[in-house]
Amino acid sequence: MSEIDDLAAFAVLVEAGSFTLAAQQLGCSKGQLSKRISLLEERFSVLLLQRTTRRLSLTAAGAALLPQAQALLVQVERARQALARLKGEISGPVRMTVPVSLGETFFEGLLTEFAHAYPDVQIELELYNGYRDLSRDGFDLAIRSDASIDERLVARPLLAWHEMTCASPAYLERYGEPDAPQALAEHKCLLNSHYSGREEWLYHQQHELLRVRVSGPFASNHYSLLKKAALAGAGIARLPSYLLNEELADGRLRWLLRDFQTRRMPMYLVHPYQGGLPKRTQVLADYLIDWFKRSGEALDRL
């Protein structure tokens, strides 16, 4: 224990009037408390208390020290209250880093729904596909595909997404609709250059794994550009389910090969481990979890 802790213990002891009550308030044993007071007396080379079996009484030195020790308790309580108020306020900055295509999906909601509900929260949204050390780089939240890589983080499940094969009605009218994955070999496919195996698309049906070699006129490492190319009728794309709610709902894109599954990939909302999130961070985390829940439910209805 520090000297400050022992001074605070001295003030609590005098206020309680007995070692038994004070030890209960401080969460220690009578022996430990007695030792702390003795150490304090040794540091100052004075006797602070007259101890009898029936009561405690202050010496002149103890009476002189008591106001300072009590003032210390008041300052500690004020600091605790200030932190509690800060944690309770729904205002201030929140820094968040997320993958590029994922951040684009809920960006509009942040500007409308969330900003309307919490106008005093300032969001700094970084769209970045690399890894960020949240504590070192000063981020409050992140969205990650792997929650096990850093034991310093707390992870909350956000969504499980999968790639959906889709194309525009204009493309399908011109080239026809594939009825099985193998037919994709005869189509113009839009490739994701982020993946080394971009020319091999995998599908599952029941317990069978299907591998299809594909090719096409355009490749990009950016899902949003691949979606724009598909909307323009340039070919068939495989895009994350979280990107397609509006386009599938209004018919600008059609979901192909629905009976053939692709790998599901979980995403997590993570934050550095701490006793409790500030309110401004907590409400943003809750909003994102609800947004993706609603998005998933809308996709399930298609």
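A few points on the structure. Just so we're clear, the structure is a prediction, and the values are computed from it rather than from any experiment.

### Some remarks on the side chain of Asn192
Here is step 1 of the chain: In this fold, Asn192 is placed in strand β7 (residues 188–192).
Here is step 2 of the chain: Among residues more than four places away in sequence, those in contact with Asn192 are Arg198, Ser220, Asn221, Tyr223 and Leu226.

### A word on helix α1 (residues 3–16)
Here is step 1 of the chain: A rise of 1.5 Å per residue sets the reference length of α1, with its 14 residues, at 20 Å; its end C-alpha atoms lie 20 Å apart and thus fit the reference within 8%.
Here is step 2 of the chain: Downstream of α1 by one or two residues, Gly17 has phi in the positive range, about 85 degrees.

### Re the environment of Asp140
Here is step 1 of the chain: The residue Asp140 is located in the loop between α6 (134–137) and β5 (141–144) in this model.
Here is step 2 of the chain: Accessibility expressed as a relative area gives 25% for Asp140, which makes it partly exposed.
Here is step 3 of the chain: For Asp140 and Arg95, which are 45 residues apart along the polypeptide, the C-alpha to C-alpha distance reads 5.3 Å.
Here is step 4 of the chain: Ignoring sequence-local partners within four residues, the contact set of Asp140 consists of Pro93, Val94, Arg95, Val270, His271, Pro272 and Thr281.
Here is step 5 of the chain: A distance of 2.7 Å separates a polar side-chain atom of Asp140 from the backbone nitrogen of Arg95.

### A look at the packing of helix α5 (residues 100–117) against helix α10 (residues 279–300)
Here is step 1 of the chain: Here α5 crosses α10 at 115 degrees, and the two axes come no closer than 11 Å. For the element pair α5 and α10, the recorded crossing hand is right-handed. On the side of α5, the interface is formed by Leu102, Thr105, Phe106, Gly109, Leu110, Glu113 and Phe114, while α10 contributes Val283, Leu284, Tyr287, Leu288, Trp291, Phe292 and Arg294.
Here is step 2 of the chain: Considering only residue class, the contact of α5 with α10 consists of 10 nonpolar, two polar and two charged.

Rules used throughout
Residues numbered from 1 in each chain as written. Predicted model: local features only at pLDDT ≥ 70, side-chain atom pairs only at ≥ 80, totals over all residues. Heavy atoms only, no water. Helix = DSSP H or I, 4+ residues; strand = E, 2+ residues; numbered from the N terminus. Contact = heavy atoms within 4.5 Å. Expected span 1.5 Å × (residues − 1). Buried < 20%, exposed > 50% of the residue type's maximum accessible area, 1.4 Å probe, protein only. Polar contact = N/O pair within 3.5 Å; in protein donor to acceptor, adjacent residues only side chain to side chain. Axes fitted to C-alpha atoms, helices over the stretch in contact; angles between N-to-C directions. Left-handed = near helix turned anticlockwise from the far one by under 90°. Nonpolar A, V, L, I, M, F, W, Y, C, P; charged D, E, K, R; others polar.

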